[in-house]
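Chain by chain, the residues:
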Amino acid sequence: MTQTEKLVESIVKGMQEKKAKGVAVADLRKVENAPAQYFVICSGGSPQQAEAISDSVWETVRVEAGEKPAAVQGARSGAQWVAMDYGTVMVHIFLPEAREHYDLENLWEDAPIKRYEDVE
């Protein structure tokens, strides 16, 4: 398993710890001009849950993979979308309406997408 694949696993774990919905990983490695190797996407039910998911991803990745994001946008502002840039992996935490609007899974339809069961 590569370092990037371990990073993706840590991100998914951090999302699941805060009961994120609709966790999906888009493998962009074979998509020409993709901005990252992977997109990890999920939904939170409220701005507070999206912030908690972001915090959980940050901490889980820091502990398990020893990495921190180069940038985070949308956190702590009640935004509809939190984006975390780990270089090879982009994390997208949406509120449901924003996720439907931006529809990243279909935007990158050439990429294989792995979907995870929701954790209750």
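The text that follows walks through the structure, step by step, so that each part is easy to find.

**Some details on the sheet that holds strand β5 (residues 89-94)**
The strands that make up a sheet are held in pairs by hydrogen bonds between backbone atoms, and each pair lies either parallel or antiparallel.
At step 1: Pairing is mixed across the open sheet formed by 6 strands, whose spatial order is β3-β4-β5-β2-β1-β6. Edge positions in the sheet fall to β3 (71-73) and β6 (113-115), since each has one partner strand and no second. Taken over all neighbouring pairs, the strand axes of this sheet differ in orientation by 15° on average, direction set aside.
At step 2: Sitting on the sheet, helix α1 (residues 3-17) touches β1 (21-27), β2 (38-43) and β5, and the angle it makes with β2 is about 5°.
At step 3: In the packing of helix α2 (residues 47-65) onto the sheet, the strands contacted are β2, β3, β4 (81-85) and β5, and the crossing angle to β4 comes to about 10°.

**Observations concerning the layout of surface pockets**
Any empty space left between atoms is shown by rolling a water-sized probe over those atoms.
At step 1: Taken as a whole, the largest pocket spans an internal volume of roughly 180 Å³.
At step 2: Around the largest pocket, the lining residues are M1, E5, V8, E9, V25, D27, R29, Y38, P112, I113, K114 and Y116.
At step 3: Only α1, β1 and β6 provide two or more residues apiece to the lining of the largest pocket.
At step 4: A per-element tally of the lining of the largest pocket places α1 first, with 3 residues.
At step 5: Its residues placed into classes, the lining of the largest pocket shows 7 nonpolar, no polar and 5 charged.

**What to know about the packing of α1 against α2**
At step 1: At a minimum axis separation of 8 Å, α1 and α2 run at an interaxial angle of 140°. Our classification of the angle between α1 and α2 gives oblique. Between α1 and α2 lies a crossing whose hand is right-handed. Between α1, through Q3, L7, S10, I11, K13, G14, M15 and E17, and α2, the contact on the second element is made entirely by I53, S56, V57, T60, V61, E64 and A65.

About the criteria used
- Starting from 1, residues in each chain are numbered consecutively following that chain's sequence as written.
- The model is predicted, so local features are restricted to residues of pLDDT at least 70 and side-chain atom pairs to those at 80 or more, both for listing and for counting; the totals for chains, interfaces and linings are taken over all residues.
- Hydrogens are left out, water is left out, and the side-chain values use all remaining heavy atoms of the structure.
- Criterion used throughout: strands pair if DSSP finds at least two bridges between them.
- Secondary structure elements follow DSSP: runs of H or I of four or more residues count as helices, runs of E of two or more count as strands, with numbering from the N terminus.
- For helices, the axis comes from a line fit to the C-alpha atoms of the stretch in contact; other axes are also lines fit to C-alpha atoms, and the angle between any two N-to-C directions lies between 0 and 180 degrees.
- Residues count as neighbours in contact if any of their non-hydrogen atoms are within 4.5 Å of one another.
- A cavity here means a set of 1 Å grid points, computed over protein atoms only, where a 1.4 Å probe fits but cannot escape. A pocket is an open set with protein on both sides within 12 Å along at least 5 of 7 lines, and lining residues have an atom within 4 Å of a point.
- Grid points are joined across faces, edges and corners, and a volume is the space filled by probe spheres set on the points.
- Amino acid classes used here: Ala, Val, Leu, Ile, Met, Phe, Trp, Tyr, Cys and Pro are nonpolar; Asp, Glu, Lys and Arg are charged; the rest, including Gly, are polar.
- Any angle that is under 35 degrees is reported as roughly parallel, and any over 145 degrees as roughly antiparallel; angles of 65 to 115 degrees are reported as roughly perpendicular and all others as oblique.
- Two helices cross in a left-handed way if the nearer one is turned anticlockwise from the farther one by less than a right angle. They cross in a right-handed way if the turn is clockwise.

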